[in-house]
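# Structural characterization, general
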Amino acid sequence: SLRDLMCVKKHISIQRHLADLEKLADLKEGEFTMAVSETTDLHKPCPLCPEEKFKACYSHKLHRHLQNLHWKVSVAFEGYRMCICHLPCHPVKPNLIGDQTFSKMGAHYHCIICSATITRRTDMIGHINRHVNKGETESRFITIPAPKSSHEVLKESATDVQVLPNYSTPQKTDSYFNPKMKLNRQLIFCALAVLAEERKPIECLDAFGATGIMGLQWAKHLRSSVKVTINDCNENSVTMIQENCHLNKMKVKLHTKEQDYDEAMGDGGENSDTIEVTKMDANVIMHLRSFDFIHLDPFGTSVNYLDSAFRNVRNLGIVSLTSTDISSLYAKAQHVALRHYGCNIVRTEYYKELAARIVIAAVTRAAARCNKGIEVLLAVALEHFVLVVVRVLRGPSPADDSAKKIRYLIHCQWCEERIFQKEGNMVEENPYQQLPCDCHGSMPGKTAVVLGPLWSGALFNTGFLRRMLFEAVQYGLDEAQPLLKTLVCEADCTTLKHFSIHSLYDENKQEECGVYIKTPNTSAESYLVHGKRKSDEVIRNAAKRQKSENSAEHPAFYYNIHRHSIKGMNMPKLNKFLNYLSEAGYRVSRTHFDPMGVRTNAPLAQFKTILMKYSTPTYLGGQAEGPVHLPEDVKAGEQVQAAADSKAEDAEFLEDDKSGVAAAMFTKDYPTHCGAD
């Protein structure tokens, strides 16, 4: 009731209904008794305005005043309306003209959760949202007690996690959980599962736990094969991780100080079913202890943690990192990319692969500073993140070999042709000669830019991807399987997609027995021995892989078929175009970076030639949709006009064609009609 609400000292500007606000006009100032006179002729004052701003008037005028000036500009929250208040309860500065203050300057809102008074409506909405993001939804003015726990339980891959109501807002919550990153978590799990088959048990670290969902999935599915450590520097996140561990019936071992952590390291004999939860900076824990598998997923860039990650990671271990600073990596904030990664970039058609090579270059430099080399196992760039998974190879020789693969890229801004600069320190007189195109000679001014430094090596390991696909099938990770199939085809640079569970199982078993497996159309080799492996033998195999990459180099970058389509022509279907390129003798595949992208070793000129050869004119495409019945005189007139337009367009098209490629399309051998494609 109104009396109960007023007894808990709720401000009069916070009401549920407009009628409740109108009832306040019948109350005397400072009392709760109804007015003696209830006639409609009584002049009623506004309860939210001082007398000098709004004088007492009739009830219908008061209703219109409350509705238009107070109720319509209110801020809603859980069934209540925080109306604007003009009473002298908000401190304001005196006017510059005189000592008297205008009443407009004192307009404000009263927060329903705290005692704050906010002047602007937009600021009030932001103020309420900050309360909600912090979980402070219990109002001191509402007598109904709030529930003890406002946590929401989400389930992913048979793992339950508790999250706050604001779990999808990264900068405003301590327990950030993004459901859109489910595919990212599945890919990382598959990579860890492959490493767990190589040697058991392995010590893995989730350096930025948040809710602990990733580490819980590792421990719940891989069981005794892994020893999971979940770290976070935020105390609330550590508490949330402990609750989620108990929710999934997992034991917890907590370390909150570096001294306790050092003592616990010396004890040893830890239970494999126990999840170790630590509260310290990610750089600190990676300096204190060695791990076989490290995953970095900070908010934004991960370059600040690469030196610590490669300092103590074990030989042949795996480091995976997820970068979410998409604006800088995708060339929307180029100055940030220069500041974080030391790379000069521009927006290109292959910007996603460019982002992956930027991150790998930063990883390579960090590993080389620790006398370690890398072997790239996986590089994925999607809408929300860039994921890179690398294997660590200890020694100065692998570090030197990896560092040599960091080069600059020459990019033509006219035709989008690109090529990595040649090795060597000698300065060339005309660097434009390295580009296959002749845009510099035919176009005025400077036509190319130098991008980088970038990673110029391969982005995928076919054998590792096949084992990841096998693990995805084993654990029923449906979202990761289509992407992994695409990645295997992209790593092989082939369009074939014939995968079966039995073949993957046989390959996995052969690898466990120590058999070399060569995949078709690729130079990647995978060697795996059940149990511990000899370091020198594996390093020799990695050196063989690096030498074989030079003989059959994986095509770098891709072309977008829409970007290079010919104006006025209908291009062929993508799958048919891939077959045309393959029949011409080029390696070709689709790419996960771009749904309309084509990865091929064909030069751009040949790419455009084949695309133009199998394209059809647009003005003839409408005839395939179906016949249109018209009168004979109208039909004859339109045919004459169409023939004249056709000749004019053909003459203009041939005149603009500089290379003479399109001349063959209008000979007697060129078909006079086109199909539905």
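This structure is a prediction, so every number in the text was calculated from the model and none was measured.

## So, the packing of helix 16 (residues 462–474) against helix 17 (residues 480–492)
- At a minimum axis separation of 9 Å, helix 16 and helix 17 run at an interaxial angle of 165°. Between helix 16 and helix 17, the crossing angle belongs to the class labelled roughly antiparallel. The handedness of the crossing between helix 16 and helix 17 is left-handed. Together, T462, L465, R466, M468, L469, A472 and V473 of helix 16 and Q481, L484, K485, L487, V488, A491 and D492 of helix 17 make up the contact between the two elements.
- Its residues assigned to classes, the contact of helix 16 with helix 17 shows nine nonpolar, two polar and three charged.

## Some points on the side chain of D325
- Its location among the elements puts D325 in the loop between strand 13 (318–323) and helix 11 (326–329).
- R339 is the oppositely charged side chain nearest to the buried, salt-bridge-free D325, at an N-O distance of 9.2 Å.
- Within the local environment of D325, its side chain forms a polar contact with the side chain of Y341, the two groups lying 2.8 Å apart.
- Those residues in contact with D325 that lie beyond four places of it in its chain are G300, T301, H340 and Y341.

## Remarks on unusual backbone geometry
- Across the junction of K200 and P201, the peptide omega takes the value -15°, indicating a cis bond.
- Looking at the element boundaries, P201 is found in the loop between helix 5 (182–198) and strand 8 (202–206).
- In this structure, P453 follows G452 across a cis peptide bond, with omega equal to 10°.
- Of note, P453 is situated in strand 18 (residues 448–455).
- Backbone geometry places E78, a non-glycine residue, at a positive phi of 50°.
- Among the structural elements, E78 can be located in the loop between strand 2 (75–77) and strand 3 (80–82).
- Note on E78: relative accessible area 48%, which makes it partly exposed.
- A positive phi angle is found at A158, which is not glycine, with a value near 60°.
- For A158, the location among the structural elements is in the loop between strand 6 (152–156) and strand 7 (159–163).

## Topic: the pairing of strand 13
- Among the six residues in strand 13, six count as buried, and that is most of the element.
- Once you follow strand 12 (residues 293–296) into helix 10 (residues 306–312) and on to strand 13, the crossover reads as right-handed.
- With six bridges joining them, strand 13 and strand 15 (residues 386–394) adopt antiparallel strand pairing. When the sheet's bridge partners are listed, T322 is paired in strand 15 with L387.

## Points about the environment of S290
- Structurally, the position occupied by S290 is in the loop between helix 9 (282–288) and strand 12.
- S290 sits in the partly exposed class, given a relative accessible area of 26%.
- Considered as a pair, S290 and N312 are 22 residues apart in the sequence and their alpha carbons are 4.8 Å apart.
- Leave out the neighbours within four places in its chain, and S290 touches E203, N312 and R314.
- A polar contact is formed between the side chain of S290 and the backbone oxygen of N312, at a distance of 3.1 Å.

## Some thoughts on the sheet that holds strand 3
- The strand order 1-3-2 describes an open sheet built from three strands, whose pairing is antiparallel. In this open sheet, the two strands that pair with only one neighbour each are strand 1 (14–15) and strand 2.
- Where strand 1 lies against strand 3, two bridges are found, and the strand directions are antiparallel. When the sheet's bridge partners are listed, Q15 is paired in strand 3 with R81.

## Regarding helix 5
- Helix length check: helix 5 (17 residues) gives 25 Å between terminal C-alpha atoms against 24 Å at 1.5 Å per residue, within 8%.
- Burial runs high along helix 5: 15 of the 17 residues are buried.

## A closer look at the state of the cysteines
- One pass over the full model with this rule turns up zero disulfides.
- In this structure C83 is a free cysteine whose sulfur lies 9.6 Å from that of C85, the closest cysteine sulfur available.
- For C83, a relative accessible area of 0% corresponds to the buried category.

## Brief notes about the UniProt feature "domain: C2H2-type" (unreviewed entry) in the protein
- UniProt tags residues 111–131 as "domain: C2H2-type" (unreviewed entry).
- Between the end C-alpha atoms of residues 111–131 there is a gap of 10 Å, over a span that is 52% helix and 10% strand.

## Digging into the environment of E22
- Following the sequence through the fold, E22 ends up in helix 2 (residues 18–23).
- Looking at E22, the relative accessible area reads 27%, which means it is partly exposed.
- Sequence separation between E22 and L66 is 44 residues; the distance between their C-alpha atoms is 7.7 Å.
- Excluding residues that lie within four positions of it along the chain, E22 makes contacts with H63 and L66.

## A look at the sheet that holds strand 11 (residues 274–278)
- Spatially, 10-11-9-8-12-13-15-14 is the arrangement adopted by the eight strands of the open sheet, whose pairing is mixed. In this open sheet, the two strands that pair with only one neighbour each are strand 10 (251–255) and strand 14 (372–381). Each strand of the sheet is rotated relative to its neighbour by a mean of 20°, with strand direction disregarded.
- Examined bridge by bridge, strand 12 and strand 13 share four bridges and lie parallel to one another. Bridge pairing in strand 13 links F293 to I318.
- Helix 13 (residues 351–369) contacts strand 13, strand 14 and strand 15 of the sheet and is inclined by roughly 160° relative to strand 14.
- Contacts between helix 14 (residues 396–403) and the sheet are confined to strand 14 and strand 15, with strand 14 contributing the most and set at about 45° to the helix.

What counts and how
- Residues numbered from 1 in each chain as written.
- Predicted model: local features only at pLDDT ≥ 70, side-chain atom pairs only at ≥ 80, totals over all residues.
- Heavy atoms only, no water.
- Axes fitted to C-alpha atoms, helices over the stretch in contact; angles between N-to-C directions.
- Helix = DSSP H or I, 4+ residues; strand = E, 2+ residues; numbered from the N terminus.
- Parallel < 35°, antiparallel > 145°, perpendicular 65-115°, else oblique.
- Left-handed = near helix turned anticlockwise from the far one by under 90°.
- Contact = heavy atoms within 4.5 Å.
- Nonpolar A, V, L, I, M, F, W, Y, C, P; charged D, E, K, R; others polar.
- Buried < 20%, exposed > 50% of the residue type's maximum accessible area, 1.4 Å probe, protein only.
- Lys, Arg positive; Asp, Glu negative; His and termini not counted.
- Salt bridge = Lys/Arg side-chain N within 4 Å of Asp/Glu carboxyl O.
- Polar contact = N/O pair within 3.5 Å; in protein donor to acceptor, adjacent residues only side chain to side chain.
- Right-handed = clockwise from strand over helix to strand, strands pointing away.
- Pairing = 2+ DSSP bridges.
- Expected span 1.5 Å × (residues − 1).
- Disulfide = S-S within 2.5 Å.
- UniProt positions renumbered as here; feature names shortened; annotations may be inferred.

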